[in-house]
Amino acid sequence: ELKEIVFIIQSQSNSFHSKRAEDLKRDILKQAADLGKELPTVLLIHQMVRHEGAWTILPLMRDLSVTYGKNSSWIFFCEEDTRIEVVKLLETLGRFDGSKEWFLGKALYDEESTIIHHYAFAENPTVFKFPDFAAGWALSIPLVNKLAKKLKSEPLKSDFTIDLKHEIALYIWQKGEGPHLTPVPEFCTDDVNSHKVDHCATTFSNFLPLCGEPVKKEDVFVAVKTCQKFHGDRIPVVKQTWEREAALIEYYSDYADIAIPTVDLGIPNTDRGHCGKTFAILEWFLNHSSPRTPWLVIVDDDTLISIFRLRKLLSCYDPNEAVFLGERYGYGLGTGGYSYITGGGGMVFSRTAVQKLLASKCRCYSMDAPDDMVLGMCFSGLGIPVTHSPLFHQARPMDYPKDYLSHQIPISFHKHWNIDPVKVYFTWLAPNTEESLNGKKVGYNREDL
């Protein structure tokens, strides 16, 4: 029965995202009403609990078990851009015995072991399957009850949340004692208009959001963090690839090099975190850039980014809101902790967010503290949520499953390690992958990378 399914939308409190989640909730309830069925429960994660780590889902298991453990059969999770055919979803879940422990989803796997999964299953990473959240995924109530019981006796220990879908699958698997993910072909990430979706209970509708005209080039100020030792190898890559997409770009270093040119902020380079440098950039943006420039992007000198696509994405956000946007990680979320935007994939700030942050007096506890984590801590203390977009990437294209990237139009990747960064840019990020390089046409095959 439809009323035995609890739908949970992995929503966010930013106004753009919460509206999309509300639209999906309305659509699910309308489909249910049109069927003449008793309405299911549809919950939005950002409204469920005022818990910084609610987006990591496992901390919700005890509440879900207490509230729905008796009268429901399935908890079905989805993203705000997942599209659901309620009738087909009912049929699909009906094939499984809800009295048993099931973990259902569209299976992803690593083709090679990767740093973002701590090189798990190094012998053969393809053996471990984890769910593509965009397709939706489901837990049977007996499994939810079991997880709730386990969490009661063994609180979550992990310090960092880096790739939630992989970490949830690892937790459920319990070193082989719990269930593996069961792949469900009806959970799909094909575009809703594709000819392939006839059998699908779920589809995915959004490769790169656009909410009107892209924001103007002049509305995005780009700050590149660099240091003298990388001027010769990393900066030429930026200049050869994405620099031309930025109208306002400055390079911040520990040395003023007029050939680039770089701005020396008077902050010595550190080997570890760059908190001092990042806060100096934030001050510089507020005091030296035009007050009419609503957006700041801070990237590393080995970040590959599409400013062209970022301008499209930013059309969906209100710069009058305090927006802190990028790829979300978590630290210590099982025990209070905070979420943060990981720096390598690029950190995007509305001017409003920068003003609120600097007015707060929250600052680095040391100059070489990790800047992205300190920012997360500061914004958390201010009650300003980080806003996650899966289109920003802290690692390289080969560090993600091909099937996961296939339903994205990515905005960034990070690191030049063991890759040709120019080739990666023109393959994955250039405004047109047939972009000309020095007057020559270049088109690369993603499969080569």
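Residues numbered from 1 in each chain as written. Predicted model: local features only at pLDDT ≥ 70, side-chain atom pairs only at ≥ 80, totals over all residues. Heavy atoms only, no water.

*Asks:* Where do I start with the overall build of the protein in this structure?
*Replies:* Across its full length, the protein carries 13 helices and 25 strands. The dimensions of the protein, computed from C-alpha atoms along their principal axes, are 70 × 50 × 45 Å. Of all intrachain contacts in the protein linking residues separated by at least 6 positions in sequence, the fraction that spans at least 24 positions is 73%. Accessible surface computed for the protein: about 19,200 Å², of which carbon and sulfur atoms make up 51%. Averaging the positions of the 49 positive and the 58 negative side-chain charges in the protein gives two centres separated by 3 Å. (Helix = DSSP H or I, 4+ residues; strand = E, 2+ residues; numbered from the N terminus. Contact = heavy atoms within 4.5 Å. Areas by Shrake-Rupley, 256 points an atom, 1.4 Å probe, with all protein chains shown as cover. Lys, Arg positive; Asp, Glu negative; His and termini not counted. Charge placed at Lys NZ, Arg CZ, Asp CG, Glu CD.)

*Asks:* How should I be thinking about unusual backbone geometry in this particular structure?
*Replies:* A negative phi holds for most residues other than glycine; trans holds for most peptide bonds. The amide bond that connects Ile260 to the next residue, Pro261, takes the cis arrangement and shows omega of -10°. The backbone phi angle of Tyr119 is positive, close to 50°, even though this residue is not glycine. Note that Tyr119 resides in the loop between β6 (107-108) and β7 (130-131). For Tyr119, a relative accessible area of 41% puts it in the partly exposed group. (Buried < 20%, exposed > 50% of the residue type's maximum accessible area, 1.4 Å probe, protein only.)

*Asks:* Can you help me understand the pattern of salt bridges in this one?
*Replies:* Any two side chains of opposite charge can pair, on the condition that their charged atoms come close. Summed over all chains, the structure comprises 21 salt bridges. Two residues, Arg20 and Glu80, come together in a salt bridge whose shortest N-O distance is 3.8 Å. Taken together, the residues span a long stretch of sequence, with Arg20 in helix α1 (residues 15-34) and Glu80 in the loop between β3 (74-78) and β4 (82-84) at a distance of 60 residues. As far as the burial class goes, Arg20 and Glu80 line up, both buried. Asp300 is paired through a salt bridge with Lys225; the nearest N and O atoms lie 3.3 Å apart. Taken together, the residues Asp300 in strand β16 (residues 295-300) and Lys225 in strand β13 (residues 220-225) connect sequence positions 75 residues apart. Lys225 carries the same exposure label as Asp300, and that label is buried. (Salt bridge = Lys/Arg side-chain N within 4 Å of Asp/Glu carboxyl O.)

*Asks:* Is there a simple way to think about the environment of Gly69 in this case?
*Replies:* Topologically, Gly69 is positioned in the loop between α3 (61-68) and β3. With relative accessibility at 18%, the residue Gly69 sits in the buried group. Sequence spacing of Gly69 and Pro142 is 73 residues, and the spatial spacing of their C-alpha atoms is 7.8 Å.

*Asks:* I keep staring at the state of the cysteines and nothing clicks. Help me out?
*Replies:* As used in these notes, a disulfide is a covalent bond between sulfur atoms, one from each of two cysteines. What the rule picks out here adds up to 4 disulfides. Sulfur-sulfur distance for the disulfide between Cys188 and Cys200 comes to 2.0 Å. Where Cys188 bonds to Cys200 through sulfur, the torsion about that S-S bond is close to -90°, and the disulfide is left-handed. Note that Cys188 is positioned in strand β11 (residues 187-191) and Cys200 in the loop between β11 and β12 (202-204), a separation of 12 residues in sequence. The disulfide bridge from Cys211 ends at Cys316, spanning 2.0 Å between sulfur atoms. Taking the sign of the S-S torsion, 90° for the link of Cys211 and Cys316, the bridge is right-handed. (Disulfide = S-S within 2.5 Å.)

*Asks:* Sorry, what's going on with the side chain of Thr262 here?
*Replies:* Within the secondary structure, Thr262 is located in strand β15 (residues 262-264). Since its relative accessible area comes to 9%, Thr262 is described here as buried. Polar contacts involving the side chain of Thr262 include one to the main-chain carbonyl oxygen of Tyr255, which spans 2.6 Å. (Polar contact = N/O pair within 3.5 Å; in protein donor to acceptor, adjacent residues only side chain to side chain.)

*Asks:* I would appreciate a short explanation of the sheet that holds strand β8 (residues 137-140) in the present structure.
*Replies:* In a beta sheet, neighbouring strands are held together by backbone hydrogen bonds and run either parallel or antiparallel to one another. Ordered in space as β2-β1-β3-β8-β5-β10, the 6 strands form an open sheet in which the pairing is mixed. Strand pairing shows two members of the sheet lacking a second neighbour, β2 (41-44) and β10 (182-183), which therefore form its edges. Against the sheet, α1 contacts β1 (5-9), β2 and β3, and its axis sits at roughly 175° relative to β2. Each of β1, β3, β5 (103-105) and β8 is contacted by helix α4 (residues 86-94), which is oriented at about 120° to β1, the strand it contacts most. (Pairing = 2+ DSSP bridges. Axes fitted to C-alpha atoms, helices over the stretch in contact; angles between N-to-C directions.)

*Asks:* Could you clarify how one ought to interpret a nonpolar patch on the surface in this entry?
*Replies:* There is a patch of nonpolar side chains on the surface, built from Ile115, Tyr119 and Trp417 and spanning about 330 Å² of accessible area. Along the chain, Ile115 falls in the loop between β6 and β7. Relative accessible area serves as the criterion here: at 44%, Ile115 is assigned to the partly exposed category. (Patch = residues over 30% accessible without salt bridge, like charges linked within 9 Å, V, L, I, M, F, W, Y side chains within 5 Å.)

*Asks:* Please clarify how the packing of α3 against helix α5 (residues 141-153) should be interpreted in this entry.
*Replies:* Where α3 meets α5, the axes come as close as 8 Å, and the angle between the chain directions of the two elements is 130°. On the basis of the axis angle, α3 is oblique to α5. When the axes of α3 and α5 are compared, the crossing they make is left-handed. Residue-level inspection shows Met61, Arg62, Leu64, Ser65 and Tyr68 of α3 in contact with α5, the latter providing Ile141, Val144, Asn145, Leu147, Ala148, Leu151 and Lys152. Taken together, the residues of the contact of α3 with α5 sort by class into 8 nonpolar, 2 polar and 2 charged. (Parallel < 35°, antiparallel > 145°, perpendicular 65-115°, else oblique. Left-handed = near helix turned anticlockwise from the far one by under 90°. Nonpolar A, V, L, I, M, F, W, Y, C, P; charged D, E, K, R; others polar.)

*Asks:* Got a minute to help me understand the packing of helix α8 (residues 275-288) against helix α10 (residues 351-359) in this structure?
*Replies:* When two helices pack together, you describe them by how their axes are tilted relative to each other and by the distance separating the axes. Running from N to C, α8 and α10 point in directions that differ by 115°, and their axes come no closer than 10 Å. Here α8 runs over α10; the crossing is left-handed. Contacts between α8 and α10 pair Phe279, Leu282, Glu283, Phe285 and Leu286 from the former with Arg351, Val354, Gln355, Leu357 and Leu358 from the latter. Of the residues contributing to the contact of α8 with α10, the split by class is 7 nonpolar, 1 polar and 2 charged.

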